[in-house]
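Next come the chains, spelled out residue by residue.
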Amino acid sequence: MVFATDFDPIDSSTRRQAPSKVGARDGANAETVSPLHQTNRLIAQAQAKSITQKAAQQARSRNMVAQKVQSEGEDIAIAARGLSQPVTQNILAPLPLPTKPTLPLGLQILNRVQHGTTAFTGLLIAGALALYGSSVYVDKSADRAMAHLNHLQGESQQLTSANESIKQSLAEQALQENSGLEPYESGDVLFVTPEPLRESMEPEEKPVKRLRPLGY
Amino acid sequence: MAASTRRRKPSRQPNIPMPRSTPEAIAAFRRKSPRLRLISVWLVLIAGMLGLTGRLAYLQLMIGSDLKTIAKEQQAIQTTPRASRRQMIDRQGNVVAMDRVLYTLYVHPMLFKQSPEEVATALGSVLEPDALGGDTQALVTLFGEQASGIKLPAEITEETAKRLRELRLDGLDLLPSPQRIYPQGELFAQVTGYTDLEGVPKEGIELSLGSQLAYPELSSAEAAALQLVTRDDQQMKLTLDSRLQRIAQENLAATVAEYNAKRGAVIVMDSRTGELLTLAVAPTYDPNQYYDAEIEYFKNWAVSDLYEPGSTFKPINVAIALETGTISPNETIYDEGKIQIGEWPIQNVDFKYVGGRGAISVTDVLRYSSNVGMVHIMETLQRSTYYEWLEKLGIGGKTGIELPGEVNGQIKARSQFVGSAVEAATTSFGQGFSLTPLQLVQLHGTLANGGNLVTPHVVKGLLDEQGELTWTPEHTEPQRVFSEETTRQVLAMMEEVVSDGTGAAAKVDGYQIAGKTGTAQKATEYGAYGNQRITSFVSIAPVSDPRYVVLAVVDEPQGENAYGGTVAAPLVKKMLESLVVLEGIAPDEPMPDLTETKPTEAAVEDVFILE
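Remember, predicted model here, so these are calculated numbers, not experimental data. (Residues numbered from 1 in each chain as written. Chains lettered and ligands numbered in written order. Predicted model: local features only at pLDDT ≥ 70, side-chain atom pairs only at ≥ 80, totals over all residues. Heavy atoms only, no water.)

Chemist: Mind showing me how you'd approach the overall build of chain B here?
Modeler: The helix and strand tally for chain B stands at 23 helices and 18 strands. A total of 611 residues make up chain B; the buried ones form 49% of that total. Sequence separation of 24 or more characterises 73% of the internal contacts of chain B that already satisfy a separation of 6 or more. When the accessible surface of chain B is summed, it comes to about 30,300 Å², and 52% of that surface belongs to carbon and sulfur atoms. (Helix = DSSP H or I, 4+ residues; strand = E, 2+ residues; numbered from the N terminus. Buried < 20%, exposed > 50% of the residue type's maximum accessible area, 1.4 Å probe, protein only. Contact = heavy atoms within 4.5 Å. Areas by Shrake-Rupley, 256 points an atom, 1.4 Å probe, with all protein chains shown as cover.)

Below you can see the structure in the form of structure tokens.
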């Protein structure tokens, strides 16, 4: 049995064989070609024919294998077995179309679970990264805000104390004589009693006095 | 594909001897092969786990406590030695007590990058020489004495600390700590009290309402924020008006100085709520420098010392008699000028000059402050009823103000009071029992507000940033003791005292003022009455719409002419003049010669600034 892989196309190519053919055609004595050579050539031709056929056959069955491999790995073994079977029967019998093998229910569930968990893991990782990032960011920004708040509070406290000490020093100055500030006296406040509401007066209709002539 | 001349790579499959023999052999091979791998993986895992467990046990059991202390040192922020406290503000929102961050400067010469001379010069450029404890040379010597942890005496403010940091010197350590300051100085000292240098509250509201003033304890997580001054915006709001308080404090101090008196107090209360607008006590101290003050100044004697109210108690007695119906307002009383009760002679103050006044009205009894007349009025009551009334008014008890150190009043035991006529007689003109000046204000508050006994207080509550009260001190409900009619009648009598009587010095132009003078002999430490007296004047204004009670008490004024009407009444007048302006009390009658008392520009400016 000769496998396609063992077949050397250079050896059996027509170009390689051409000089011997030319020699046979051109040679004056065709008889000089030994009968052994002739038989050899015939055998080689027959072999080459069957080889090309088989090569085509095998290429077909390989395609089939490839299809099956595509569907499920489990079928490879079957395909391989199919390969090793005698080819001659296969040529005539129609090839069965690859059917999608039905997996057992448990495996199907596991498959689904795997897909689900993969997606879930992806989400978890993304979430964890986001959470970590945000925790760092929040911490930093909170720190910054707190420092700012502290600063502002310090300033507000300084302002308050400055404000109060100014008030105090003003009050102390007011105590001094000739400060221009005098203590309250009962007459210091003016109480204004609101007038009772006047009756609303209707605007009088004044007769419009026309100036004549209005213009020149 | 097949045309490739390259040598095919050797198959990647390991050279495992393929099972070519019997199915049993194949099964045996399959069983054998993963077991080895499983066991080795298991061993690796177990070894890892054992290693981790061992490490954990080592960390937890062997060096756990050491690690814990190290972690604590790293995580815990040193709590400030002094806890900060909430601000106190007055009625208008002026800050009365606040915390300020001060820094203490520690120097570590071992960390210096520059020479000690350079550091000393740089410090000298920022800090005053006395804050450094000497000049630059002294500082360099100081740096030579210790390698680290030299504390400089300076109290460094935030601003100076900023400049120190800008020097960018190594080996300087600024340690912040809050310090309580009282911007108004001694003005509110008797109310706020003070906190000592360690931050411990000692007197006043600082002491009695310490839990409200202190910020809640921080959890360790919050401590990381480390806010030294304010942790929330809550402030303690007082009922005091700093403008009135200042006027009271200044005038009181002047009066005490003028009469060389021992001490004095001025209290202004809004009788409708019991809020004190003024609680001035002299002499007082500056809480910012409490360590320089005399210890006896620390206590607020207006709430912690008792005195015999004297004649200022007479209107209360009249109200009791009117309320019980034993006398009517139009009754006439016979004033002999001097009477004998048992072995005790009782006479009017002016008996020497005036003698007996004869039949006078109840109003005149108050107007001339007749002791004998008061004895006759109170004789109309049964002594047990009289005693019950005194108890009902809370004499012998406390007012319930928030200030610490308030004392119970003193009153004779019931049996003694009921059994002896002289007890009721002396009580009728305000002697023989004692109360605090504040309690007298509370009692007169009943006359001003239509008969309700309110709790005088100085704290409004805790104010949040929205201006809403989140906490208010609890006070007992106002208790009705007199009817409105009684109080109106007594006020009308008291008005006569001011308009034409012993209290004329308190007259305020354009306003009807009710008042009563009081001059009581002081009991000496041996129990007998001595030469010293305590003068007071209590006033209710305005009579047309009674609201404010003003009391001035001056203890032991010196001089011949030191009476309630001469020492305390002018003080009350000054208070009333300011009070009517600040509170916007409309005059009862048109102002006389308004053009002369027209407010000058200076006065207007005064109002503006002090507000």
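After that view of the structure, there is still more to cover.
Chemist: What exactly am I supposed to notice about the overall build of chain A here?
Modeler: Along the backbone of chain A there are 6 helices and 0 strands. The secondary structure elements of chain A, listed N-terminal to C-terminal, are α-α-α-α-α-α. Split into buried and exposed, the 216 residues of chain A put 10% on the buried side. Of the roughly 18,600 Å² of accessible surface on chain A, a fraction of 61% belongs to carbon and sulfur atoms.

Chemist: I would appreciate a short explanation of the pattern of salt bridges in the present structure.
Modeler: Opposite charge on two side chains allows them to pair when their charged atoms are near. All names here are of chain B. With the rule as written, the count across this model stands at 22 salt bridges over all chains. The shortest N-O distance in the salt bridge between Lys202 and Asp196 comes to 3.9 Å. Exposure remark for Lys202: the relative accessible area of 35% places this residue in the partly exposed category. (Salt bridge = Lys/Arg side-chain N within 4 Å of Asp/Glu carboxyl O.)

Chemist: I keep staring at the nonpolar core and nothing clicks. Help me out?
Modeler: For soluble globular proteins, the rule of thumb is that nonpolar side chains tend to be buried together. Counting residues in each nonpolar core, the largest one holds 85 residues, and the members touching the most others are B:Ile205, B:Ile320, B:Ile377 and B:Val458. Sequence-distant contacts of B:Ile205, that is, excluding residues within four places in its chain, are made with B:Met88, B:Val191, B:Thr192, B:Gly193, B:Gly210, B:Leu213, B:Met236, B:Leu238, B:Leu403, B:Pro404, B:Val458 and B:Val459. (Core = buried A, V, L, I, M, F, W, Y, C linked by side-chain atoms within 4.5 Å.)

Chemist: Looking at this structure, how should I read the sheet that holds strand 18 (residues 548-555) of chain B?
Modeler: Two pairing modes exist for strands in a sheet, parallel and antiparallel, and in both the strands are linked by backbone hydrogen bonds. All names here are of chain B. Read across the sheet, 5 strands follow the order 7-6-18-17-16 without closing on themselves; strand pairing throughout is antiparallel. Both edges of this open sheet fall to strand 7 (275-282) and strand 16 (514-523), since each of them pairs with a single strand only. Averaged over all neighbouring strand pairs, the angle between strand axes comes to 10°, with direction disregarded. Helix 11 (residues 242-258) rests against strand 6 (263-270), strand 7 and strand 18 of the sheet, and its axis sits at about 30° to strand 7. Against the sheet, helix 22 (residues 564-582) contacts strand 6, strand 7, strand 16, strand 17 (529-541) and strand 18, and its axis sits at roughly 25° relative to strand 17. (Pairing = 2+ DSSP bridges. Axes fitted to C-alpha atoms, helices over the stretch in contact; angles between N-to-C directions.)

Chemist: Help me out: how do you make sense of the environment of B:Leu238 in this one?
Modeler: All names here are of chain B. Relative to the helices and strands, Leu238 is located in strand 5 (residues 235-238). Of the residues examined, Leu238 reaches a relative accessible area of 0% and is grouped as buried. With 296 residues separating them in the primary sequence, Leu238 and Ile534 have C-alpha atoms 29 Å apart. Not counting residues up to four positions away in its chain, the partners in contact with Leu238 are Met88, Ile89, Asp90, Arg91, Val96, Val191, Thr192, Ile205, Val458, Val459 and Lys460.

Chemist: Can you walk me through the packing of aromatic side chains in this structure?
Modeler: Between two aromatic rings, the relevant description is the distance of the centres plus the angle of the planes. Residue and element names in this part refer to chain B. What the rule picks out here adds up to 10 aromatic pairs over all chains. Ring plane angle 40° and centroid distance 4.9 Å describe the contact between Tyr194 and Phe298, whose orientation is recorded as tilted. With Tyr194 in the loop between helix 7 (189-192) and helix 8 (204-208) and Phe298 in the loop between strand 7 and helix 12 (301-304), the pair connects residues that are 104 residues apart, well separated along the chain. Taking 5.5 Å as the distance between ring centres and 10° as the angle between the ring planes, the aromatic pair formed by Trp389 and Phe482 counts as stacked. Placement of the pair is Trp389 in helix 17 (residues 383-392) and Phe482 in the loop between strand 15 (479-480) and helix 21 (484-499), with a sequence separation of 93 residues. (Phe/Tyr/Trp six-rings, centres within 6.5 Å; stacked < 30°, edge-to-face > 60°.)

Chemist: Even after reading the chapter, I still don't get unusual backbone geometry, so can you show me in this structure?
Modeler: Only a minority of non-glycine residues have a phi that is not negative, and only a minority of peptide bonds are not trans. Residues and elements named next belong to chain B. Of the consecutive residues Ala282 and Pro283, the connecting peptide bond is found in the cis state with omega at -5°. Cis geometry marks the peptide bond from Ala541 to Pro542, where omega comes out at -20°. Relative to the elements of secondary structure, Pro542 occurs in the loop between strand 17 and strand 18. In this structure, Asn260 is a non-glycine residue whose phi angle is positive, near 55°. Structurally, Asn260 can be placed in the loop between helix 11 and strand 6. Positive phi, normally seen in glycine, also occurs at Ser369, with a value near 50°. Relative to the assigned elements, Ser369 resides in the loop between helix 15 (362-367) and helix 16 (371-379). For Ser369, a relative accessible area of 11% translates into the label buried.

Chemist: Hey, could you run me through the environment of B:Thr121 in this one?
Modeler: Structurally, the position occupied by B:Thr121 is in helix 3 (residues 116-126). Sequence separation between B:Thr121 and B:Phe143 is 22 residues, and the spatial gap between their C-alpha atoms is 12 Å.

Chemist: Would you mind going over the side chain of B:Thr517 with me for this structure?
Modeler: Residue and element names in this part refer to chain B. Looking at where Thr517 falls in the secondary structure, it is placed in strand 16. Here Thr517 falls in the buried class, since its relative accessible area comes to 6%. Polar side-chain contacts of Thr517 include one of 3.1 Å to the side chain of Thr502. (Polar contact = N/O pair within 3.5 Å; in protein donor to acceptor, adjacent residues only side chain to side chain.)

Chemist: For this particular structure, what's the right way to read the pairing of strand 6 of chain B?
Modeler: All names here are of chain B. Counting buried residues along strand 6, 8 of its 8 residues qualify, which places the element largely inside the surrounding structure. The two faces of strand 6 match: Arg263, Ala265, Ile267 and Met269 on one face and Gly264, Val266, Val268 and Asp270 on the other face are all buried. Two strands pair when backbone bridges link them, and strand 6 and strand 18 are joined in this way by 8 bridges, in the antiparallel orientation. Its bridge partner being in strand 18, Ala265 is matched across the sheet by Val553. Note: strand 6 against strand 7, 7 bridges, orientation antiparallel. Within the sheet, the bridge partner assigned to Ile267 lies in strand 7 and is Leu279. Hairpin connection of strand 6 to strand 7: 4 residues between the antiparallel strands, including Gly274 at a positive phi of 90°.

Chemist: Help me understand the confidence of the model for chain B, please; the structure alone is not making it clear to me.
Modeler: Any residue range with low pLDDT should be treated as having predicted coordinates unsuitable for detailed reading. Scored by pLDDT, chain B has a mean of 85; 88% of the residues are at 70 or more. As a predicted assembly, this complex carries a pTM of 0.70 together with an ipTM value of 0.70. (pLDDT = per-residue confidence, 0-100.)

Chemist: I would appreciate a short explanation of helix 6 (residues 105-175) of chain A in the present structure.
Modeler: Each α-helix turn comprises 3.6 residues. Residues three or four places apart therefore point the same way. If you check helix 6 of chain A, its first and last C-alpha atoms are 100 Å apart, about what 71 residues at 1.5 Å a residue would give, namely 105 Å. By the burial criterion, the buried members of helix 6 of chain A are A:Gln153, A:Gly154, A:Gln157, A:Thr160, A:Ser161, A:Glu164, A:Gln168 and A:Ala171. (Expected span 1.5 Å × (residues − 1).)

Chemist: How should a nonpolar patch on the surface be read in this particular structure?
Modeler: Residue and element names in this part refer to chain B. A surface patch of nonpolar side chains, about 450 Å² in accessible area, is lined by Leu38, Ile39, Trp42 and Leu43. Tracing the sequence through the fold places Trp42 in helix 1 (residues 23-62). Taking the relative accessible area as the measure of exposure, Trp42 reaches 52% and is therefore exposed. (Patch = residues over 30% accessible without salt bridge, like charges linked within 9 Å, V, L, I, M, F, W, Y side chains within 5 Å.)

Chemist: Mind showing me how you'd approach the confidence of the model for chain A here?
Modeler: Residues and elements named next belong to chain A. The predicted model of chain A has a mean per-residue pLDDT of 71, with 53% of residues at 70 or higher. Mean pLDDT across the elements of chain A ranges from a minimum in helix 2 (residues 14-26), with 46, to a maximum in helix 6, with 91. Ignoring residues within four places in sequence, the model shows residues 15-32, a span with pLDDT below 50, making 7 contacts including any to other chains. Here residues 72-80 is a poorly scored stretch, pLDDT under 50, and it has 5 contacts once near neighbours within four places are set aside; other chains count.

Chemist: Looking at this structure, how should I read helix 11 of chain B?
Modeler: Residues and elements named next belong to chain B. Compared with the 24 Å implied by 1.5 Å per residue over 17 residues, the 24 Å span of helix 11 between its first and last C-alpha is a close match. Here helix 11 lies mainly inside the structure; 12 of its 17 residues are buried. Buried within helix 11 we find Ser242, Arg243, Leu244, Gln245, Arg246, Ile247, Ala248, Gln249, Asn251, Leu252, Thr255 and Val256. Taking the backbone nitrogen of Arg243 as reference, a side-chain oxygen 2.9 Å away marks Asp241 as the first, capping residue of helix 11.

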